[in-house]
Amino acid sequence: MKNFRTYELARAFYKSTQKLNLTGPIKNQFERATLSIVLNLAEGSAKPTRKDRRKFYRIALGSLRESQCILSLLENKNLEDEANILGAHLFKLCQNT
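Residues numbered from 1 in each chain as written. Predicted model: local features only at pLDDT ≥ 70, side-chain atom pairs only at ≥ 80, totals over all residues. Heavy atoms only, no water.

Caption draft 1: Representation of the overall build of the protein. The number of helices and strands found in the protein is 4 helices and 0 strands. Along the protein, from the amino end to the carboxyl end, the secondary structure elements read α-α-α-α. Its C-alpha atoms give the protein a radius of gyration of 13 Å, within 12% of the compact-globule value 13 Å for 97 residues. The principal-axis extents of the C-alpha atoms in the protein amount to approximately 40 × 20 × 20 Å. Each of the 97 residues in the protein was classed as buried or not, and the buried ones make up 38%. Accessible surface, the protein: about 6,000 Å² in total, of which carbon and sulfur atoms supply 50%. Taking the average location of the 17 positive side-chain charges in the protein and that of its 9 negative ones, the two points are 9 Å from each other. (Helix = DSSP H or I, 4+ residues; strand = E, 2+ residues; numbered from the N terminus. Rg over C-alpha atoms; globule rule 2.2 N^0.38 Å. Buried < 20%, exposed > 50% of the residue type's maximum accessible area, 1.4 Å probe, protein only. Areas by Shrake-Rupley, 256 points an atom, 1.4 Å probe, with all protein chains shown as cover. Lys, Arg positive; Asp, Glu negative; His and termini not counted. Charge placed at Lys NZ, Arg CZ, Asp CG, Glu CD.)

This is how it looks when you write it as structure tokens:
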């Protein structure tokens, strides 16, 4: 997985999000969404067909969009910028797979 740039960006994004001090339902939802990005990239990379890989990469992109919505609500510009970079990589990955 070390040569999988999008996975590494997702992993770094997940670690960055762990520093947020959230509470209640938004914390649970945000943690699940950010973890889903990393896990779906990992699982998708192990799939034997392009169609299967693309399915998991698209799920990861959907989870990122969910995370971006929460960051927008929180008005966290730094993490929004990091998420946008990851989003560009995920979008390109979905297009090229």
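Now that the structure is up, let's keep going.
Caption draft 2: Expanded view of the packing of aromatic side chains. Applying the stated rule across the entire model yields 2 aromatic pairs. On the numbers, 6.4 Å between centres and 25° between planes, the contact of Phe4 with Tyr7 is stacked. Look at Phe4 and you get buried, because its relative accessible area is 15%. Among the aromatic residues, those joined into a ring-pair cluster are Phe4, Tyr7 and Tyr57. (Phe/Tyr/Trp six-rings, centres within 6.5 Å; stacked < 30°, edge-to-face > 60°.)

Caption draft 3: Here's a closer look at unusual backbone geometry. The phi dihedral of Glu75 is positive, around 55°, even though this residue is not glycine. With respect to the helices and strands, the residue Glu75 is situated in the loop between α3 (50-74) and α4 (77-96).

Caption draft 4: Local environment of the pattern of salt bridges. Under the defined criterion, the tally for this structure stands at 3 salt bridges. Between Glu8 and Arg11 there is a salt bridge, and its shortest N-O distance comes to 3.6 Å. Remark: Arg11 and Glu8 occur in helix α1 (residues 5-17); sequence separation between them is 3 residues, near one turn of the helix. According to the relative accessible area criterion, Glu8 is partly exposed, its value standing at 25%. (Salt bridge = Lys/Arg side-chain N within 4 Å of Asp/Glu carboxyl O.)

Caption draft 5: Structural context of the nonpolar core. Counting residues in each nonpolar core, the largest one holds 22 residues, and the members touching the most others are Phe13, Ile37, Leu41, Leu64, Leu86 and Leu90. Contacts of Leu86, omitting those with residues within four sequence positions, involve Thr6, Leu9, Ala10, Phe13, Ile37 and Leu64. (Core = buried A, V, L, I, M, F, W, Y, C linked by side-chain atoms within 4.5 Å. Contact = heavy atoms within 4.5 Å.)

Caption draft 6: Structural view of the side chain of Thr6. Here Thr6 lies in helix α1. Judged by its relative accessible area of 7%, Thr6 is buried.

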